[in-house]
Every structure is written in structure tokens, then in C-alpha cells.
Amino acid sequence: DTGVSQDPRHKITKRGQNVTFRCDPISEHNRLYWYRQTLGQGPEFLTYFQNEAQLEKSRLLSDRFSAERPKGSFSTLEIQRTEQGDSAMYLCASSLGGWDRGINTGELFFGEGSRLTVL
Amino acid sequence: GESVGLHLPTLSVQEGDNSIINCAYSNSASDYFIWYKQESGKGPQFIIDIRSNMDKRQGQRVTVLLNKTVKHLSLQIAATQPGDSAVYFCAEREDSNNDMRFGAGTRLTVKP
């Protein structure tokens, strides 16, 4: 399978615990994104990496959230001291992006998501 | 603030009919628009995209129309099939950033 892979697919945790999600992007994709999606809503942007550099972060990404992409390949998203409001689907996407004559290129390919339930 | 949204939350069509899913956006600076399909329990799947310098783009059984004057985007699905049943999202982005912003989605149900 050469698509975006996320692990675990489901996580149930108690409030206050820390959780970590992993994303393996499509090989050679330089851009990696994290989104959060709650029931009945569209995905909300959390953060974006170009290779190993975290270039953009949403205001939704509170200081309890941290994302890394240490070698420019896989990425992790950690949530510390989870709250019930963190319950959501966490989606990872990757793209082979760049700039072509002033156009920001690259189609996003999404993984299947990691569903978090905080009790 | 500016946002992306959808006119209708649900759409039900008969198998074989054409479907039209609409989307309104308010960011006049958006350069790039995408339609995604999301089936239950799965991640969004790319359907078709269009840049702001175009008003129409066709794919296999799908067509995206962009009307920048009224900031309206639509997805047309020809000969809708049961496998087309899903939630459809429009999304938009400016070239100057990588924040792809999604609407709330329209649930398409195809009746056999």
C-alpha cells in the first residue's frame, strides 16, 4: 500500500492522559498536514510541514498539542493532558508540493485517520 | 471571518440521475478549489480541482464549475451510482499559504 498510513486507527483514553498519533506519508512527499475533524464537520487545519520544518500552525493547535517530523518522513502528533473536547478524528495528509511559476502546487492525499475518544 | 460553506446539508438522488452539489465561499483571494469525497470511517478522497483562473473543469463523470463573480463552486456528477453515496466537501486555499479550508459537507444519498 503506497497511500498515507496512520496509526492507531482508534484510540480510547481517559481524560488527562497523553496520546500520540503517527503518520507515514506517501514516499517522497515533501509536505505533510494534520487536520482535525469532528462529527458532521469538515476537516480543520492544524499544522503543516515542509520536509522537517513546521511552517504553519493553526490557532486550534493549543500548547497541549505538539507535532514533529524529525527526518522529513513520518510525523507524530502528541496531545498532552487530553480533554473530552479533544475527541475527534485526526487526519494526516501529504502532498508533493512546490511552486510552479507562482502557483502553489500539490494535491493533498489523506490517510484514513486516527479516531480519538476521550472519556 | 471568511469561510467556506455549503448550501445544502443533504441531497438524495435516484440512481442514474445527475447530481449537483453546491458550495459558497467568501474568500475572494482563494486561488485553488478542490472537491473531496468522504465515505464513512475513511479519509477524504480527492475528486477534482480547479484553479481560480478557470471556470470549468471536467473529469470522469464529474465536472466542477467555478463562478468567481458570485463566489460559487459546484460539483456535477453524471449518472450517479450507489457508490457515489458519501459526504462531499469543497475546500479552498490561497497560494500564499497551505491552510486548506473545508466546508461542512453535503451528504449525497443515491437511491437504487
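Scroll up to find the structure.
First, a word on what this report is: a plain description of the structure on this page.

### Description of the state of the cysteines
All names here are of chain A.
Then step 1. Within this structure, the stated rule accounts for 2 disulfides over all chains.
Then step 2. Shown here is the disulfide that connects cysteine 23 with cysteine 92, its sulfur atoms set 1.9 Å apart. Judged by the torsion about the S-S bond (-70 degrees), the cysteine 23/cysteine 92 disulfide is left-handed. Of the two residues, cysteine 23 sits in strand 3 (residues 19–24) while cysteine 92 sits in strand 9 (residues 88–95), which places them 69 residues apart along the sequence.

### Quick word on the layout of surface pockets
Then step 1. As a volume, the largest pocket reaches approximately 470 Å³.
Then step 2. The wall of the largest pocket is formed by 23 residues, among which A:Leu39, A:Gly40, B:Gln38, B:Val87 and B:Arg107 lie closest to the centre.
Then step 3. Of all the secondary-structure elements, those providing two or more residues to the lining of the largest pocket are strand 9 (86–93) and strand 11 (106–111) of chain B.
Then step 4. A total of 4 residues in the lining of the largest pocket trace back to one element, the largest contributor, which is strand 11 of chain B.
Then step 5. Looking at the lining of the largest pocket, its residues break down into 8 nonpolar, 11 polar and 4 charged.

### Examining the interface of chain A and chain B
Then step 1. In this assembly, 23 residues from chain A lie in contact with 21 residues from chain B.
Then step 2. With both sides pooled, the region where chain A packs onto chain B buries about 1700 Å², and carbon together with sulfur makes up 48% of that total.
Then step 3. In this assembly, chain A and chain B are joined by 0 salt bridges.
Then step 4. Listing elements by their share of the side of chain A that touches chain B, those giving two or more residues are strand 4 (31–37), strand 5 (44–50) and strand 11 (103–105) of chain A.
Then step 5. Considering each element in turn, the side of chain A that touches chain B owes the most residues, 4 residues, to strand 4 of chain A.
Then step 6. Of the residues belonging to the side of chain A that touches chain B, the class tally is 10 nonpolar, 8 polar and 5 charged.

Conventions we followed
- Residues numbered from 1 in each chain as written.
- Chains lettered and ligands numbered in written order.
- Predicted model: local features only at pLDDT ≥ 70, side-chain atom pairs only at ≥ 80, totals over all residues.
- Heavy atoms only, no water.
- Disulfide = S-S within 2.5 Å.
- Helix = DSSP H or I, 4+ residues; strand = E, 2+ residues; numbered from the N terminus.
- 1 Å grid on protein atoms, 1.4 Å probe; cavity = no way out; pocket = protein on both sides within 12 Å on 5 of 7 lines; lining within 4 Å.
- Points joined across faces, edges and corners; volume = space filled by probe spheres on them.
- Nonpolar A, V, L, I, M, F, W, Y, C, P; charged D, E, K, R; others polar.
- Contact = heavy atoms within 4.5 Å.
- Buried area = accessible area lost by both parts, 1.4 Å probe.
- Salt bridge = Lys/Arg side-chain N within 4 Å of Asp/Glu carboxyl O.

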